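Take a look at the letters that make up each chain.
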Amino acid sequence: MIPSSSKKFINSITELPELTSLAKSSVIDLLKEVDFLRSVARLKQEKKQKATLGQFLTPSPVATLMAGMFNKVNLPQIRILDAGAGIGSLLAAFVVELCNKQNQTKEVDIVAYEIDPFLVKYLRHILNLCAEKCQIAGISLHYEIKEKDFIEDAAKILQPNLFKNIQNSSFTHAIINPPYLKINSNSKFRTLLRSLGLETSNLYTGFIAATSLLLQPEGELVSISPRSFCNGPYFKDFRRMFLEMMALNHIHLFESRQEAFNDEILQETVIIHAVKQKQKLDNVLITTSTSVDDDFIMSNSLEYKEVVHPNDSQQIIHIIPDKLSQEAIQKIASFTYSLEDLELTVSTGRVVDFRAKEFLRLSLDEDCVPLIYPVNLSKGYIEYPAITKKHQALLNTEQTTSLLVPNEHYVLTKRFSSKEEKKRVVAAVYNADKIFHSWVGFENHLNYFHHNGKGLNINLARGLSAYLNSTIIDTFFRLFNGHTQVNATDLRILKYPNLEQLISLGEQIGEKLVSQEEIDYLIEELLSMNSQSEHDIIAIKTRIDEALQILSLLGFPRSQLNERSALTLLCLLGLKPHDPWQSASSPLMGISPIMEFMAQHYGKNYKPNTRETVRRQTVHQFLDAALIVTNPDNAERPTNSPKTVYQIEESALELLRTYKTTEWEKSLSTYLSSIETLKEQYAQERELKRIPIVIEGEIITLSPGGQNILIEKIIKEFAERFTPGGKLIYVGDTDEKFAYFNESALKDLGVTINSHGKMPDVIIYHIKNNWLVLIEAVTSHGPINPKRKRELDTLFANIKIPLVMVTTFLSRKAMVEYLPEVAWETDVWVAEDATHLIHFNGEYLLQAYKVNKNSGSE
C-alpha cells in the first residue's frame, strides 16, 4: 500500500521521470505535489550550494498566502515573473489561485529565473503540471525558464538603448522569494546594481529593486524577505528607490523569526504586496500571524503616512500590527531628546576577543584590567567576576591601551538578542565604585553609553538603564527592529527623556534592585505618561506575560506559550488589564465573544474567519488539560455547535485567584498534585517534530506525540503486514479531525459519513478480502468496547461489505488495563509485538463476522 518509511521512499527517487508517475494533475492537488517535491529537493540539495546561492525554498502555506495577496488576477492576459523560482512553489500557488477564481484570464505567460541546475529539473516538472492545471481551467499557459543570473540579465534589459523595446520584458505581476546573501562592495553584483541606481549590501534587496523596475505601470509585486530593509542606514538607499516607484498595499509579518523557513533563517521575515505607481494608497493593511500554518491573523489598517512618514529622510517603514502598538508609538513620541541633545554617545565595545586572544586572562591579575562580557549583566547591574568559562580580564599593555576606557560609570546593553527572548533591549549599570581599577574593557558584544569617552553621572546611568529596560521601550523596539542585533545605530535613533527626568528617575531607584513592575511604575509616574488612554500598554503587556507564566507553570508545551493562548485564558477568566487576579470569574464564553473581549480590552483585533484557530489550537488543548470545561450549561449541545460555550474549571479558577498572593506556591503545588499535568502528558511531545507518513506518494504530517505515534506505526507496520495492497481511506490526527480522508473512495463503497459522527482513527479498505478495516489507536481514550462497536456499526450502517474492527496499543502494558473492555469479535494489535494479532472469539485472525448491526456482538 505504502513504502515502509518516507525516508526510504524519498531516497528511492533519483530522476524526475520517476516523479511523474506519482500522480496526474487532474487527480492529485497541485500544491501537495509541489510540497512533496520541495521535501525531496531539500533532502537532496547540497547545503554548501544552498548557502552559496542564498536559497531557501518556499513552503506551500507561505506560497499560498503570498499568491492570495494580489489584487488583479482577472486580467485577460497576465505576464508574471519569478526572479528566483527554485522548484516553482510560488508560481504553482499563483496558478492555483488563478484557476480557482471565476475570471476573464485567457492567457498566462511565465518567466522563471533559476541558475541551480539541480532545481531546474524540478521547476520544469512543476511548470508542466501548472500548464495542465490551466488547460483544465480553460487558460493557456506558456512558460520560459531562464537558466541565467537574474541580476545580470535585468541589468542588460534595463540599460537605456534606443533600439531596444523592453515591453516584452515587462510584467503585470511578480512573485519572488529572493536569495538572502550579503554582497561585498567590490563584487560584480554591487557593480550591476549600481548601474540600476541602487547601492545595497544584500542581494535580496537587489532582486526586489530589479523586479520592481521590470514591472509595468500598476504592476503588482509580492515578495517575502528578511524584514531588515525596513529600517537602518544599510538599506536607506533601497527604501528611497523602492518607495519612490512602488506603493505599499499589504504587509504580513510572522511573529516568530524561525517560522516561515523552519529555522533556516534567523532574520525575521516579512511579506509585502506593492503596486507600481507613484501615487500612494490611502491605507496599508498590516496583518500578523504566529506561524505559516496559523490562520489566527491579527489585522490593522493604517493610513499610508503612518507606515512611511512623508517627511522622514530615512524612509523607515513602520510595521504597526495593532492599536496597542500605535499607542506605544504615540507615547514614545512625547520623548523628543536625541542622544546628541543629551550630549551622550553610544559605542560598541572595543575588545574583539578572538583578535585579542593572546592578551586574555581568566582572572584579574595585577597587570590586568577587568573585561566585561554580556554574561556579566545581571538584573540591571554588573556581576563581576561572573561564574563563567569566559575570560574575565585583559592584559594591560601598550598593545591593548586603545581597547580600554576609564573605569567610570556607564550603561551597557547587549548587542545580540532574539525576538523570542523576553527582552529585546537588555541594559545594566556599570558602577565603577564596585570594581576598583583605573581602566576597564568592554567586549564587542556590548554597547556602552558614555559622555565624550568618559563615564556618566551615577544617577543618570541608573535612570537611563531603567528607561531602556522599560516595557514601553521593549514594545517600541520590537516594532522597528527586525534583525538579530541591537546595534548602536538602533539606540541612536531612539528618543529619550531629558537629563533632569533621567537623573530624577535614577535618584528614585538608587542602589536597590528593582523589578520590572517597579521600573514601569516609575517610568509612568515620573515621566507623566498617560495610563488612562484607551489601552494601557504596560498593563496589557504585564497581564499577558503573567498569563504566559501561569500556562508555563501548569506545564503547557512551548507551542501553547503564545499570545493567543494567554489572551484566551484571560478572556475565560473575565480579567481586564487592571483587574486583580483575585477578581477572576468564570463566565460562559463562546469563541466569538472571546475574540470580542480581546479586541475591546486588550487592543488585539483578529480577522473573524480565524475563530476556528482559537478553537483548534488553544481551546482544545485547554480542554485536554482539564483547565476548562465545555457546555457546562447544556450537556446535550454538540461540541462543534456555533453555540458551544466554555468555562474555566472550578478548581483551576480557585488556583488562579491566588496568583500574586502568598498562597500561590502552595495552591499551585496542591493543584498539580491532584491533576495529571501537561508537563507529564507532553514530556515526549516536546522532543518530537511532526510525524511524516507517505500515502499514495503524498507526504502527510501528523502532529507530534499522543496517539499519532501509534497511528504512524499502524500505517507503516500493521497495514503492510495485515492488509497488503490495501487502500488507506482515512487517518485522524490529534490536532485536526482529518489528516487524510479519501472521501470519494468511501462513497464508492456506499458510505457517506455524517460529520458529527466520531470516526475511528484509521480506516483501510482491504481490497483482496473486500473488507473495511476500522482501527482505533488507544493512548488516552478507550478501546473498541461493546458501546463503541455499536457506534461504528451505526456509523457504517449502509456499507455492503464486512467490517473488521481492530483496537491497537503501543505496548502490552498499555493493553492489559483495557483487556476486560474489548468487544468480542474484534481484534487487538500491539505495536511492540507487531507480527501478531489477538482475536477475541473466532477461528481466524482479522475475520469479518456477519452480525445484527443494531445489537451488541458479545
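In the annotation of an unreviewed UniProt entry, the protein is listed under the name site-specific DNA-methyltransferase (adenine-specific) and assigned to Anabaena azotica FACHB-119. One UniProt comment on the protein, placed under Catalytic activity (unreviewed entry), says "a 2'-deoxyadenosine in DNA + S-adenosyl-L-methionine = an N(6)-methyl-2'-deoxyadenosine in DNA + S-adenosyl-L-homocysteine + H(+)".

**Things to note about the nonpolar core**
The biggest cluster of nonpolar side chains holds 133 residues, and the ones touching the most others in it are Leu248 and Leu627. Counting residues per element, this core draws most heavily on helix 14 (residues 458-468), which supplies seven residues. Setting aside residues no more than four positions away along its own chain, Leu627 makes contact with Leu551, Leu554, Phe556, Leu569, Phe622, Ile648, Glu649, Ala652 and Tyr671. Counting residues in hydrophobic clusters, the runner-up holds 48 residues, among them Leu57, Leu98, Cys130 and Ile139.

**Some remarks on the pairing of strand 4 (residues 171-176)**
By the criterion of burial, strand 4 is predominantly enclosed, with six of the six residues buried. Across two bridges, the pairing between strand 1 (residues 77-82) and strand 4 is parallel. When the sheet's bridge partners are listed, Leu81 is paired in strand 4 with Ala174. Pairing analysis gives five bridges linking strand 4 to strand 5 (residues 215-226), with the strands arranged parallel.

**Re helix 7 (residues 117-136)**
Look at helix 7: 30 Å from first C-alpha to last across 20 residues, which is about the 28 Å you get at 1.5 Å a residue. Every buried residue belonging to helix 7 is among Leu119, Val120, Tyr122, Leu123, His125, Ile126, Leu127, Leu129, Cys130 and Cys134, and all of these are buried. Downstream of helix 7 by a residue or two, Gly138 has a phi angle that is positive, lying close to 80°.

**A short note on the pattern of salt bridges**
Enumeration according to the criterion identifies 26 salt bridges in this entry. In this structure, Glu152 engages Lys188 in a salt bridge whose closest nitrogen and oxygen atoms are separated by 2.2 Å. Of the two residues, Glu152 is situated in helix 8 (residues 150-158) and Lys188 in helix 9 (residues 188-195); the sequence distance between them amounts to 36 residues. A salt bridge links Asp474 to Lys541, with the nearest nitrogen and oxygen atoms 3.5 Å apart. With a gap of 67 residues between them, Asp474 in helix 15 (residues 471-480) and Lys541 in helix 19 (residues 537-553) connect regions that are remote in the sequence. By relative accessible area, Asp474 is classed as buried at 1%. One salt-bridge network, in which partners are shared between bridges, spans Asp237, Arg240, Glu244 and Lys278.

**Here's the deal with the packing of aromatic side chains**
Enumeration over the complete set of coordinates arrives at 24 aromatic pairs. Ring geometry for Tyr180 and Tyr204: centres 6.0 Å apart, planes at 40°, overall tilted. In this pair, Tyr180 sits in the loop between strand 4 and helix 9 while Tyr204 sits in helix 10 (residues 203-213), placing the two residues 24 residues apart along the sequence. For the pair Phe229 and Phe238, a centre-to-centre distance of 5.7 Å together with 90° between the ring planes defines the contact as edge-to-face. Each member of the pair, Phe229 as well as Phe238, is classed as buried.

**Describing the sheet that holds strand 30 (residues 827-830)**
Spatial ordering of the open sheet is given by 26-25-27-28-29-30-31, a layout of seven strands whose pairing is mixed. The open sheet has two edge strands, strand 26 (740-741) and strand 31 (837-839), and neither has a second partner. The sheet contact formed by strand 27 (residues 762-766) and strand 28 (residues 771-777) spans five bridges and is antiparallel. Paired with Val762 across the two strands is Ile775, which belongs to strand 28. Lying on the sheet, helix 26 (residues 708-722) is in contact with strand 25 (727-731), strand 27, strand 28, strand 29 (803-809), strand 30 and strand 31; it crosses strand 30 at an angle near 115°. The sheet strands contacting helix 28 (residues 786-795) are strand 28 and strand 29, and the helix crosses strand 29 at an angle near 135°.

**Remarks on the sheet that holds strand 3 (residues 140-146)**
One open sheet holds the nine strands; their spatial order is 3-2-1-4-5-7-6-8-9, and the pairing between them is mixed. This sheet does not close on itself; its edge strands, each paired only once, are strand 3 and strand 9 (298-303). Mean inter-strand twist for the sheet, computed between neighbouring axes without regard to direction, equals 15°. Pairing geometry for strand 1 and strand 2 (residues 107-113), over six bridges, is parallel. Bridge assignment links Ile80 to a residue of strand 2, and that residue is Ile110. Taken strand by strand, helix 6 (residues 89-99) contacts strand 1, strand 2, strand 3 and strand 4, and its axis lies near 160° from that of strand 1.

**Considerations on helix 17 (residues 499-509)**
The complete set of buried residues in helix 17 reads Leu502, Leu505, Gly506 and Ile509. The buried residues of helix 17 occupy an angular sector of 100° when the element is viewed end-on, so they sit on one face. Relative to its buried face, helix 17 has exposed residues pointing more than 90 degrees away, namely Glu500 and Glu507. Taking the backbone nitrogen of Glu500 as reference, a side-chain oxygen 3.2 Å away marks Asn498 as the first, capping residue of helix 17. With its phi angle positive at about 60°, Gly510 sits one or two positions after the end of helix 17.

Conventions we followed
- Residues numbered from 1 in each chain as written.
- Predicted model: local features only at pLDDT ≥ 70, side-chain atom pairs only at ≥ 80, totals over all residues.
- Heavy atoms only, no water.
- UniProt positions renumbered as here; feature names shortened; annotations may be inferred.
- Core = buried A, V, L, I, M, F, W, Y, C linked by side-chain atoms within 4.5 Å.
- Buried < 20%, exposed > 50% of the residue type's maximum accessible area, 1.4 Å probe, protein only.
- Helix = DSSP H or I, 4+ residues; strand = E, 2+ residues; numbered from the N terminus.
- Contact = heavy atoms within 4.5 Å.
- Pairing = 2+ DSSP bridges.
- Expected span 1.5 Å × (residues − 1).
- Salt bridge = Lys/Arg side-chain N within 4 Å of Asp/Glu carboxyl O.
- Phe/Tyr/Trp six-rings, centres within 6.5 Å; stacked < 30°, edge-to-face > 60°.
- Axes fitted to C-alpha atoms, helices over the stretch in contact; angles between N-to-C directions.
- Arc of directions from axis to C-beta.
- Polar contact = N/O pair within 3.5 Å; in protein donor to acceptor, adjacent residues only side chain to side chain.

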